[in-house]
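So you can see what is in the structure, the chains are spelled out below.
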Amino acid sequence: MKIMVSACLLGQNCKYNGGNNYSEKVVRYVKGHEVIPVCPEVAGGLPIPRIPCEIVDGVVTNKEGESKDREFRRGARRCLNKALEEKVDMAILQSRSPSCGVKQIYDGTFSGKRVEGRGVFADLLIENGVKVVDVENLDDEGNYGYATIFEG
Ligand code: SF4
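The structure reproduced in this document is the subject of the present report. (Residues numbered from 1 in each chain as written. Predicted model: local features only at pLDDT ≥ 70, side-chain atom pairs only at ≥ 80, totals over all residues. Heavy atoms only, no water.)

1. A closer look at the pattern of salt bridges
(1) Moving on: For the coordinates displayed, the defined rule picks out seven salt bridges.
(2) Moving on: Put simply, Arg96 and Glu136 hold a salt bridge, and the shortest N to O gap is 2.8 Å. You can see Arg96 sitting in the loop between β5 (90-93) and β6 (104-106) and its partner Glu136 sitting in the segment after β8 (132-134), a full 40 residues away along the chain.
(3) Moving on: Of the residues examined, Arg96 reaches a relative accessible area of 15% and is grouped as buried.
(4) Moving on: Judged by its relative accessible area of 39%, Glu136 is partly exposed.
(5) Moving on: Two residues, Asp123 and Arg118, come together in a salt bridge whose shortest N-O distance is 3.0 Å.
(6) Moving on: Residue classification places Arg118 among the partly exposed residues on the basis of a relative accessible area of 29%.
(7) Moving on: Members of the salt-bridge network, linked through shared partners, are Arg96, Lys103 and Glu136. (Salt bridge = Lys/Arg side-chain N within 4 Å of Asp/Glu carboxyl O. Helix = DSSP H or I, 4+ residues; strand = E, 2+ residues; numbered from the N terminus. Buried < 20%, exposed > 50% of the residue type's maximum accessible area, 1.4 Å probe, protein only.)

By themselves, these figures tell us nothing about what the structure is for.
This is the structure in structure tokens:
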């Protein structure tokens, strides 16, 4: 299989704070498959580190109130194009990110409150028919429930 993965899950230090979300279970799951790491925020031209963003009334906005919507959507589009060109079989994405979140995101108040929703990249992948799994729904044995796979 060809599997697109949020790069931070593989240990790349591309998070807003310069860190990563290394996940042993993801590394184990993708072993032996072709892996395509992507960070849509970096692909959109944003620096590391960067001011954290949330989706505020549909617009990706940083904590200082500046819109970063253009950069986020540009990065999401670039990574979607890669997924389509490479014909990936699935994508495993980091939870709750305003780009990569599959099931939940933060509510736009920068208070840590979660709401149901998707990040802009996850949304674009799903709209374009790519199977997407939230890393939280991948268990240690490499299973993911049917309900966690979204097909566009
Ligand atoms: S945009 Fe996605 S890949 Fe990049 S740091 Fe955020 S969660 Fe990880």
